[in-house]
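Here is how the chains run, residue by residue.
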Amino acid sequence: MFKDVIGHEEIKQRLVNSLKTGRISHAQLFAGDTGYGSLALALAFAQYVFCTGNKQDDACGECPSCRKMQKYIHPDLHFVFPVVRKAKSPVSDEYINEWRRLLSQSSYFDLTEWYSYMGVEDNAQAAIYTEESGNILRKLNLKPFESDYKIMVIWLPEKMNPECSNKLLKIIEEPFEKTLFLMVSEHPEQMLNTIQSRLQRINIPPLRQEQIKQQLLLTKGIPDEKAAEYAHVASGNWHKALRLLDESEEQIYNQEKFASLMRLCWERKMLPVNEWVNEITSVGRERQKNFITHAIRMLRENFIRNFGLNELNYMTEREKNFSIRFAPYVHEGNILPLTNEFERAYNDINRNGNAKIIFTDLCIKVMQNIRPS
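What counts, and where the lines are drawn
Residues numbered from 1 in each chain as written. Predicted model: local features only at pLDDT ≥ 70, side-chain atom pairs only at ≥ 80, totals over all residues. Heavy atoms only, no water. Helix = DSSP H or I, 4+ residues; strand = E, 2+ residues; numbered from the N terminus. Buried < 20%, exposed > 50% of the residue type's maximum accessible area, 1.4 Å probe, protein only. Contact = heavy atoms within 4.5 Å. Areas by Shrake-Rupley, 256 points an atom, 1.4 Å probe, with all protein chains shown as cover. Lys, Arg positive; Asp, Glu negative; His and termini not counted. Charge placed at Lys NZ, Arg CZ, Asp CG, Glu CD. Core = buried A, V, L, I, M, F, W, Y, C linked by side-chain atoms within 4.5 Å. Axes fitted to C-alpha atoms, helices over the stretch in contact; angles between N-to-C directions. Left-handed = near helix turned anticlockwise from the far one by under 90°. Nonpolar A, V, L, I, M, F, W, Y, C, P; charged D, E, K, R; others polar. Arc of directions from axis to C-beta. Patch = residues over 30% accessible without salt bridge, like charges linked within 9 Å, V, L, I, M, F, W, Y side chains within 5 Å. Salt bridge = Lys/Arg side-chain N within 4 Å of Asp/Glu carboxyl O. Pairing = 2+ DSSP bridges. 1 Å grid on protein atoms, 1.4 Å probe; cavity = no way out; pocket = protein on both sides within 12 Å on 5 of 7 lines; lining within 4 Å. Points joined across faces, edges and corners; volume = space filled by probe spheres on them.

J.: Summarise the overall build of the protein; cite the residues concerned and give the values.
T.: Check the secondary structure of the protein and you find 17 helices and 5 strands. C-alpha extents for the protein along the principal axes are approximately 70 × 50 × 35 Å. A buried classification covers 51% of the 373 residues belonging to the protein. Sequence separation of at least 24 residues holds for 72% of the intrachain contacts in the protein that already meet a minimum separation of 6. When the accessible surface of the protein is totalled, it reaches about 17900 Å², and 48% of it is carbon and sulfur. Between the centroid of the 48 positive side chains of the protein and the centroid of its 48 negative side chains there is a distance of 2 Å.

As C-alpha coordinates, then:
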(Lines give C-alpha, C1' and ligand atoms only; values in the text may rest on other atoms or scores of the structure.)
Protein backbone atom coordinates (compact mmCIF):
# COMPACT_ATOMS: atom_id res chain seq x y z
CA MET A 1 0.00 0.00 0.00
CA PHE A 2 1.06 3.61 -0.52
CA LYS A 3 1.08 4.21 3.24
CA ASP A 4 3.88 1.64 3.57
CA VAL A 5 6.08 3.46 1.03
CA ILE A 6 8.45 5.98 2.61
CA GLY A 7 8.01 9.53 1.29
CA HIS A 8 7.28 10.43 -2.36
CA GLU A 9 3.83 11.86 -1.55
CA GLU A 10 3.64 13.84 -4.80
CA ILE A 11 4.37 10.75 -6.93
CA LYS A 12 1.79 8.72 -5.00
CA GLN A 13 -0.87 11.34 -5.65
CA ARG A 14 0.03 11.49 -9.33
CA LEU A 15 -0.40 7.71 -9.63
CA VAL A 16 -3.72 7.80 -7.79
CA ASN A 17 -5.03 10.60 -10.03
CA SER A 18 -4.00 8.73 -13.18
CA LEU A 19 -6.35 5.86 -12.29
CA LYS A 20 -9.15 8.11 -11.05
CA THR A 21 -9.15 10.14 -14.26
CA GLY A 22 -8.71 7.11 -16.51
CA ARG A 23 -5.52 8.58 -17.97
CA ILE A 24 -3.25 5.73 -17.05
CA SER A 25 -0.31 4.89 -19.32
CA HIS A 26 -0.09 1.24 -20.36
CA ALA A 27 3.71 1.23 -19.99
CA GLN A 28 5.45 3.08 -17.17
CA LEU A 29 9.08 3.29 -16.08
CA PHE A 30 9.88 3.80 -12.40
CA ALA A 31 13.47 5.05 -12.71
CA GLY A 32 15.47 5.07 -9.50
CA ASP A 33 17.31 2.84 -7.08
CA THR A 34 15.18 0.13 -5.47
CA GLY A 35 16.37 1.50 -2.12
CA TYR A 36 14.73 4.83 -2.96
CA GLY A 37 11.36 3.08 -3.18
CA SER A 38 10.88 2.58 -6.94
CA LEU A 39 9.80 -1.06 -6.63
CA ALA A 40 7.73 -0.30 -3.52
CA LEU A 41 5.84 2.41 -5.44
CA ALA A 42 5.20 0.12 -8.42
CA LEU A 43 3.81 -2.62 -6.18
CA ALA A 44 1.68 -0.15 -4.19
CA PHE A 45 0.24 1.21 -7.44
CA ALA A 46 -0.53 -2.33 -8.63
CA GLN A 47 -2.40 -3.00 -5.38
CA TYR A 48 -4.32 0.27 -5.78
CA VAL A 49 -5.36 -0.71 -9.31
CA PHE A 50 -6.50 -4.18 -8.19
CA CYS A 51 -8.26 -3.02 -5.00
CA THR A 52 -12.01 -3.68 -5.08
CA GLY A 53 -12.78 -2.16 -1.68
CA ASN A 54 -13.56 1.39 -0.63
CA LYS A 55 -10.37 3.03 -1.91
CA GLN A 56 -9.82 6.76 -1.83
CA ASP A 57 -6.15 7.78 -2.03
CA ASP A 58 -4.89 4.30 -1.14
CA ALA A 59 -5.94 0.68 -1.41
CA CYS A 60 -8.28 -0.49 1.33
CA GLY A 61 -5.97 -3.30 2.48
CA GLU A 62 -8.91 -5.52 3.43
CA CYS A 63 -10.62 -6.72 0.25
CA PRO A 64 -9.76 -10.14 -1.25
CA SER A 65 -7.58 -8.49 -3.92
CA CYS A 66 -5.57 -6.57 -1.33
CA ARG A 67 -5.05 -9.68 0.78
CA LYS A 68 -3.72 -11.53 -2.27
CA MET A 69 -1.48 -8.59 -3.17
CA GLN A 70 -0.03 -8.62 0.33
CA LYS A 71 1.19 -12.16 -0.43
CA TYR A 72 2.01 -11.29 -4.09
CA ILE A 73 -0.24 -14.09 -5.34
CA HIS A 74 -2.91 -12.08 -7.19
CA PRO A 75 -3.68 -14.08 -10.37
CA ASP A 76 -3.52 -10.98 -12.58
CA LEU A 77 -0.12 -9.87 -11.25
CA HIS A 78 2.91 -11.18 -13.12
CA PHE A 79 6.61 -10.68 -12.41
CA VAL A 80 9.75 -10.63 -14.55
CA PHE A 81 13.18 -10.27 -12.95
CA PRO A 82 16.81 -11.30 -13.61
CA VAL A 83 17.59 -14.98 -13.03
CA VAL A 84 20.57 -17.26 -13.52
CA ARG A 85 20.60 -20.00 -16.11
CA LYS A 86 19.94 -23.26 -14.29
CA ALA A 87 17.88 -24.85 -17.04
CA LYS A 88 17.56 -24.70 -20.82
CA SER A 89 14.71 -22.21 -20.52
CA PRO A 90 15.54 -19.84 -17.65
CA VAL A 91 12.45 -17.79 -16.77
CA SER A 92 11.29 -15.89 -13.69
CA ASP A 93 8.70 -18.52 -12.77
CA GLU A 94 11.51 -20.87 -11.72
CA TYR A 95 12.33 -18.49 -8.86
CA ILE A 96 8.88 -17.12 -8.07
CA ASN A 97 8.79 -18.65 -4.57
CA GLU A 98 12.17 -17.10 -3.68
CA TRP A 99 11.00 -13.79 -5.16
CA ARG A 100 7.81 -13.73 -3.10
CA ARG A 101 9.77 -14.66 0.01
CA LEU A 102 12.12 -11.72 -0.53
CA LEU A 103 9.25 -9.31 -1.19
CA SER A 104 7.50 -10.48 1.97
CA GLN A 105 10.60 -9.32 3.89
CA SER A 106 10.91 -5.95 2.16
CA SER A 107 10.41 -4.28 -1.19
CA TYR A 108 13.62 -2.29 -0.58
CA PHE A 109 16.58 -4.46 -1.59
CA ASP A 110 19.40 -4.71 -4.11
CA LEU A 111 20.63 -7.23 -6.67
CA THR A 112 23.13 -8.70 -4.19
CA GLU A 113 20.33 -9.59 -1.80
CA TRP A 114 18.35 -11.14 -4.64
CA TYR A 115 21.40 -13.27 -5.55
CA SER A 116 21.47 -14.50 -1.97
CA TYR A 117 17.81 -15.52 -2.07
CA MET A 118 18.32 -17.33 -5.38
CA GLY A 119 21.27 -19.21 -3.87
CA VAL A 120 23.35 -18.75 -7.02
CA GLU A 121 26.93 -19.83 -7.60
CA ASP A 122 29.71 -17.29 -7.12
CA ASN A 123 30.45 -16.68 -10.79
CA ALA A 124 26.85 -16.64 -12.01
CA GLN A 125 25.43 -13.41 -13.39
CA ALA A 126 21.69 -12.91 -13.64
CA ALA A 127 19.88 -11.75 -16.77
CA ILE A 128 16.45 -11.66 -18.35
CA TYR A 129 16.83 -14.18 -21.16
CA THR A 130 15.17 -14.51 -24.56
CA GLU A 131 12.92 -17.31 -23.28
CA GLU A 132 11.25 -14.81 -20.94
CA SER A 133 9.60 -12.98 -23.84
CA GLY A 134 7.64 -16.10 -24.75
CA ASN A 135 6.57 -16.45 -21.13
CA ILE A 136 5.41 -12.81 -21.08
CA LEU A 137 3.41 -13.29 -24.28
CA ARG A 138 1.75 -16.44 -22.95
CA LYS A 139 0.65 -14.74 -19.73
CA LEU A 140 -0.64 -11.60 -21.42
CA ASN A 141 -2.71 -13.68 -23.85
CA LEU A 142 -4.75 -14.90 -20.88
CA LYS A 143 -7.91 -13.04 -19.94
CA PRO A 144 -7.90 -11.29 -16.56
CA PHE A 145 -9.05 -13.61 -13.78
CA GLU A 146 -10.32 -11.20 -11.14
CA SER A 147 -9.50 -7.64 -12.18
CA ASP A 148 -10.15 -5.38 -15.14
CA TYR A 149 -6.38 -5.14 -15.58
CA LYS A 150 -3.42 -7.47 -16.00
CA ILE A 151 -0.19 -6.04 -14.57
CA MET A 152 3.34 -7.08 -15.53
CA VAL A 153 6.01 -5.81 -13.10
CA ILE A 154 9.50 -6.00 -14.63
CA TRP A 155 12.35 -5.43 -12.18
CA LEU A 156 15.68 -4.32 -13.71
CA PRO A 157 14.65 -4.38 -17.39
CA GLU A 158 18.20 -3.22 -18.22
CA LYS A 159 19.23 -6.83 -17.57
CA MET A 160 17.32 -8.02 -20.63
CA ASN A 161 19.39 -9.49 -23.39
CA PRO A 162 18.93 -7.87 -26.84
CA GLU A 163 16.66 -10.60 -28.23
CA CYS A 164 14.27 -10.35 -25.30
CA SER A 165 14.29 -6.53 -25.49
CA ASN A 166 13.36 -6.54 -29.16
CA LYS A 167 10.50 -8.99 -28.62
CA LEU A 168 9.23 -6.97 -25.66
CA LEU A 169 9.31 -3.84 -27.81
CA LYS A 170 6.76 -5.36 -30.18
CA ILE A 171 4.46 -6.20 -27.25
CA ILE A 172 4.69 -2.61 -25.91
CA GLU A 173 4.05 -1.16 -29.37
CA GLU A 174 0.91 -3.28 -29.77
CA PRO A 175 -0.35 -3.54 -26.18
CA PHE A 176 -2.97 -5.96 -25.03
CA GLU A 177 -6.19 -4.36 -23.81
CA LYS A 178 -6.23 -3.45 -20.11
CA THR A 179 -2.60 -4.50 -19.66
CA LEU A 180 -0.13 -2.44 -17.64
CA PHE A 181 3.66 -2.71 -17.81
CA LEU A 182 5.36 -1.35 -14.68
CA MET A 183 9.12 -1.38 -15.23
CA VAL A 184 11.47 -0.67 -12.34
CA SER A 185 14.96 0.30 -13.49
CA GLU A 186 18.05 1.38 -11.58
CA HIS A 187 20.00 2.12 -14.79
CA PRO A 188 17.47 3.12 -17.48
CA GLU A 189 20.28 4.44 -19.69
CA GLN A 190 21.25 0.79 -20.30
CA MET A 191 17.85 -0.03 -21.81
CA LEU A 192 17.12 0.11 -25.52
CA ASN A 193 16.29 3.68 -26.53
CA THR A 194 13.36 2.39 -28.57
CA ILE A 195 11.84 0.90 -25.41
CA GLN A 196 12.55 3.97 -23.27
CA SER A 197 10.81 6.23 -25.78
CA ARG A 198 7.59 4.22 -25.41
CA LEU A 199 7.46 4.39 -21.62
CA GLN A 200 6.01 7.06 -19.38
CA ARG A 201 8.97 7.82 -17.15
CA ILE A 202 8.58 8.51 -13.43
CA ASN A 203 11.87 9.55 -11.85
CA ILE A 204 12.15 8.36 -8.23
CA PRO A 205 14.54 10.65 -6.34
CA PRO A 206 16.52 9.70 -3.23
CA LEU A 207 14.64 9.92 0.04
CA ARG A 208 15.25 12.96 2.19
CA GLN A 209 17.59 12.54 5.13
CA GLU A 210 14.87 13.53 7.59
CA GLN A 211 12.48 10.91 6.15
CA ILE A 212 15.01 8.13 6.67
CA LYS A 213 15.82 9.38 10.17
CA GLN A 214 12.15 9.43 11.20
CA GLN A 215 11.57 5.96 9.74
CA LEU A 216 14.56 4.61 11.69
CA LEU A 217 13.26 6.18 14.89
CA LEU A 218 9.76 4.85 14.23
CA THR A 219 10.61 1.28 13.25
CA LYS A 220 14.02 0.53 14.79
CA GLY A 221 13.95 2.42 18.06
CA ILE A 222 17.57 3.60 17.90
CA PRO A 223 18.89 6.79 19.57
CA ASP A 224 18.21 10.06 17.76
CA GLU A 225 21.91 10.81 17.22
CA LYS A 226 22.56 7.37 15.69
CA ALA A 227 19.49 7.65 13.47
CA ALA A 228 20.72 11.00 12.15
CA GLU A 229 24.17 9.52 11.42
CA TYR A 230 22.79 6.50 9.56
CA ALA A 231 20.33 8.67 7.64
CA HIS A 232 23.19 10.88 6.48
CA VAL A 233 25.45 7.99 5.37
CA ALA A 234 22.53 6.23 3.62
CA SER A 235 22.37 9.04 1.01
CA GLY A 236 18.63 8.70 0.46
CA ASN A 237 18.64 4.89 0.26
CA TRP A 238 16.46 3.10 2.82
CA HIS A 239 18.00 -0.31 2.06
CA LYS A 240 21.45 1.11 2.74
CA ALA A 241 20.21 2.56 6.03
CA LEU A 242 18.98 -0.88 7.07
CA ARG A 243 22.33 -2.43 6.19
CA LEU A 244 24.14 0.17 8.31
CA LEU A 245 22.13 -0.96 11.32
CA ASP A 246 23.71 -4.37 11.05
CA GLU A 247 26.98 -4.00 9.14
CA SER A 248 27.14 -7.00 6.85
CA GLU A 249 30.05 -9.37 6.48
CA GLU A 250 30.47 -8.22 2.87
CA GLN A 251 30.66 -4.54 3.87
CA ILE A 252 33.43 -5.32 6.36
CA TYR A 253 35.21 -7.51 3.80
CA ASN A 254 35.10 -4.80 1.12
CA GLN A 255 36.52 -2.15 3.44
CA GLU A 256 39.29 -4.43 4.70
CA LYS A 257 40.21 -5.41 1.13
CA PHE A 258 40.26 -1.76 0.06
CA ALA A 259 42.47 -0.75 2.99
CA SER A 260 44.91 -3.60 2.40
CA LEU A 261 45.06 -2.88 -1.35
CA MET A 262 45.93 0.78 -0.76
CA ARG A 263 48.64 -0.10 1.79
CA LEU A 264 50.22 -2.75 -0.43
CA CYS A 265 50.19 -0.49 -3.47
CA TRP A 266 51.77 2.33 -1.48
CA GLU A 267 54.51 -0.01 -0.25
CA ARG A 268 54.85 -1.55 -3.76
CA LYS A 269 55.13 -5.08 -2.43
CA MET A 270 54.43 -7.16 -5.51
CA LEU A 271 54.41 -10.58 -3.85
CA PRO A 272 51.74 -9.62 -1.28
CA VAL A 273 49.86 -7.86 -4.10
CA ASN A 274 49.75 -11.15 -6.02
CA GLU A 275 48.36 -12.86 -2.92
CA TRP A 276 45.74 -10.10 -2.67
CA VAL A 277 44.79 -10.68 -6.32
CA ASN A 278 44.51 -14.43 -5.76
CA GLU A 279 42.14 -13.84 -2.86
CA ILE A 280 39.86 -11.35 -4.64
CA THR A 281 39.65 -13.58 -7.71
CA SER A 282 38.57 -16.53 -5.57
CA VAL A 283 35.20 -14.88 -4.90
CA GLY A 284 32.44 -14.56 -7.49
CA ARG A 285 32.10 -11.85 -10.12
CA GLU A 286 29.21 -10.15 -8.36
CA ARG A 287 31.26 -9.80 -5.17
CA GLN A 288 34.19 -8.53 -7.24
CA LYS A 289 31.91 -5.90 -8.79
CA ASN A 290 30.59 -4.96 -5.36
CA PHE A 291 34.15 -4.50 -4.11
CA ILE A 292 35.02 -2.23 -7.03
CA THR A 293 31.87 -0.18 -6.46
CA HIS A 294 32.88 0.17 -2.81
CA ALA A 295 36.41 1.21 -3.81
CA ILE A 296 35.12 3.93 -6.16
CA ARG A 297 32.91 5.28 -3.37
CA MET A 298 35.86 5.27 -0.95
CA LEU A 299 38.02 7.24 -3.39
CA ARG A 300 35.28 9.83 -3.71
CA GLU A 301 34.70 10.07 0.05
CA ASN A 302 38.41 10.40 0.87
CA PHE A 303 38.87 13.06 -1.80
CA ILE A 304 35.94 15.09 -0.42
CA ARG A 305 37.26 14.71 3.14
CA ASN A 306 40.31 16.81 2.23
CA PHE A 307 38.04 19.83 1.76
CA GLY A 308 36.64 19.59 5.28
CA LEU A 309 33.04 19.45 4.05
CA ASN A 310 31.69 16.93 6.55
CA GLU A 311 28.11 17.37 5.37
CA LEU A 312 29.18 15.96 1.97
CA ASN A 313 30.93 12.93 3.45
CA TYR A 314 29.03 9.65 3.70
CA MET A 315 31.21 7.17 5.59
CA THR A 316 30.66 4.66 8.37
CA GLU A 317 32.72 4.80 11.55
CA ARG A 318 34.99 2.02 10.25
CA GLU A 319 35.57 3.90 6.99
CA LYS A 320 36.20 7.20 8.78
CA ASN A 321 38.90 5.62 10.96
CA PHE A 322 40.82 4.49 7.87
CA SER A 323 40.39 7.78 6.01
CA ILE A 324 42.02 9.82 8.79
CA ARG A 325 45.46 8.81 7.47
CA PHE A 326 44.55 7.77 3.94
CA ALA A 327 42.61 10.81 2.68
CA PRO A 328 45.66 13.03 1.94
CA TYR A 329 46.87 10.47 -0.63
CA VAL A 330 43.74 11.00 -2.76
CA HIS A 331 44.01 14.42 -4.38
CA GLU A 332 43.42 16.46 -7.55
CA GLY A 333 46.37 14.80 -9.27
CA ASN A 334 45.16 11.21 -9.02
CA ILE A 335 41.43 11.10 -8.25
CA LEU A 336 40.38 10.93 -11.92
CA PRO A 337 43.01 8.36 -13.05
CA LEU A 338 42.26 6.14 -10.06
CA THR A 339 38.49 6.35 -10.56
CA ASN A 340 38.84 5.64 -14.28
CA GLU A 341 40.95 2.53 -13.62
CA PHE A 342 38.43 1.10 -11.16
CA GLU A 343 35.55 1.84 -13.53
CA ARG A 344 37.42 0.14 -16.37
CA ALA A 345 38.04 -2.91 -14.17
CA TYR A 346 34.31 -3.03 -13.31
CA ASN A 347 33.33 -3.00 -16.99
CA ASP A 348 35.90 -5.69 -17.83
CA ILE A 349 34.66 -7.94 -15.02
CA ASN A 350 31.10 -7.34 -16.18
CA ARG A 351 32.10 -8.55 -19.64
CA ASN A 352 33.46 -11.80 -18.18
CA GLY A 353 37.11 -10.85 -18.63
CA ASN A 354 39.91 -12.80 -16.95
CA ALA A 355 39.65 -11.61 -13.33
CA LYS A 356 43.30 -12.34 -12.46
CA ILE A 357 44.60 -10.26 -15.36
CA ILE A 358 42.10 -7.45 -14.68
CA PHE A 359 42.95 -7.13 -10.98
CA THR A 360 46.70 -7.48 -11.52
CA ASP A 361 46.57 -4.66 -14.05
CA LEU A 362 44.40 -2.61 -11.69
CA CYS A 363 46.93 -3.02 -8.85
CA ILE A 364 49.80 -1.84 -11.06
CA LYS A 365 47.78 1.23 -12.10
CA VAL A 366 46.95 2.00 -8.46
CA MET A 367 50.67 1.74 -7.57
CA GLN A 368 51.52 4.23 -10.32
CA ASN A 369 48.88 6.75 -9.18
CA ILE A 370 48.82 6.44 -5.41
CA ARG A 371 52.58 6.89 -5.10
CA PRO A 372 54.14 8.24 -8.31
CA SER A 373 57.84 7.67 -8.92
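The rest of the description comes next.
J.: Requested: an account of the nonpolar core, with residues and values cited.
T.: One finds Phe79, Trp99 and Trp155 to be the most contacted residues of the largest nonpolar core, which totals 64 residues. What Trp155 contacts, discounting residues up to four positions off in sequence, is Thr34, Leu39, Val80, Phe81, Pro82, Trp99, Phe109, Asp110, Leu111, Trp114, Ile128 and Val184. Formed by 35 residues, the second largest nonpolar core is a distinct cluster that contains Tyr253, Phe258, Val273 and Phe322.

J.: Would you mind going over the packing of helix 12 (residues 249-267) against helix 14 (residues 285-305) in detail, with residue names and values included?
T.: The packing of two helices is summarised by the inter-axis angle and the distance between the axes. The N-to-C vectors of helix 12 and helix 14 enclose an angle of 65°; their axes lie 9 Å apart at closest approach. Between helix 12 and helix 14 lies a crossing of right-handed hand. Contacts between helix 12 and helix 14 involve Glu250, Tyr253, Asn254, Gln255, Lys257, Phe258 and Leu261 on the former and, on the latter, Arg287, Asn290, Phe291, His294, Ala295, Met298 and Leu299. Broken down by class, the residue content of the contact of helix 12 with helix 14 amounts to 7 nonpolar, 4 polar and 3 charged.

J.: Give me the lowdown on the side chain of Ser185, citing residues and values where you can.
T.: Of note, Ser185 is situated in strand 4 (residues 179-185). Looking at Ser185, the relative accessible area reads 0%, which means it is buried.

J.: Before we move on, can you summarise helix 4 (residues 96-105) with the specific residues and values?
T.: Owing to its 3.6 residues per turn, the α-helix aligns residues three or four sequence positions apart on the same side. Turning to helix 4, its buried residues are Ile96, Trp99, Leu102 and Leu103. Angularly, the buried residues of helix 4 cover 125° about the axis, an arc narrow enough to put them on a single face. Of the exposed residues in helix 4, the ones pointing more than 90 degrees away from its buried face are Asn97 and Gln105. Of the surrounding secondary structure, the elements contacted by the buried residues of helix 4 are helix 2 (38-50), strand 2 (77-80), helix 5 (111-118) and strand 3 (150-155).

J.: Got a sec to walk through a nonpolar patch on the surface? Specific residues and values, please.
T.: A grouping of Phe307, Leu309 and Leu312 is seen on the molecular surface, where their side chains present a nonpolar patch of about 240 Å² in accessible area. Mapped onto the secondary structure, Leu309 falls in the loop between helix 14 and helix 15 (317-326).

J.: Can you tell me about the sheet that holds strand 1 (residues 27-31), naming the residues and giving the values?
T.: One open sheet holds the 5 strands; their spatial order is 2-3-4-1-5, and the pairing between them is parallel. Either end of the sheet is taken by a strand with one partner, and the two such strands are strand 2 and strand 5 (200-203). The sheet shows a mean angle of 20° between the axes of neighbouring strands, taken without regard to direction. Sitting on the sheet, helix 2 is in contact with strand 1, strand 2, strand 3 and strand 4, with an inclination near 165° to strand 4.

J.: Residue-level account of empty space enclosed by the protein, with values.
T.: Space left empty within the atom packing is revealed by a probe, the size of a water molecule, rolled over the atoms. Summed over all chains, the structure comprises 1 cavity of 30 Å³ or more. Pro157, Met160, Ser165, Leu168, Met183, Met191, Leu192 and Ile195 together form the lining of the largest cavity. Of the residues belonging to the lining of the largest cavity, the class tally is 7 nonpolar, 1 polar and no charged.

In short, geometric facts, not functional conclusions.
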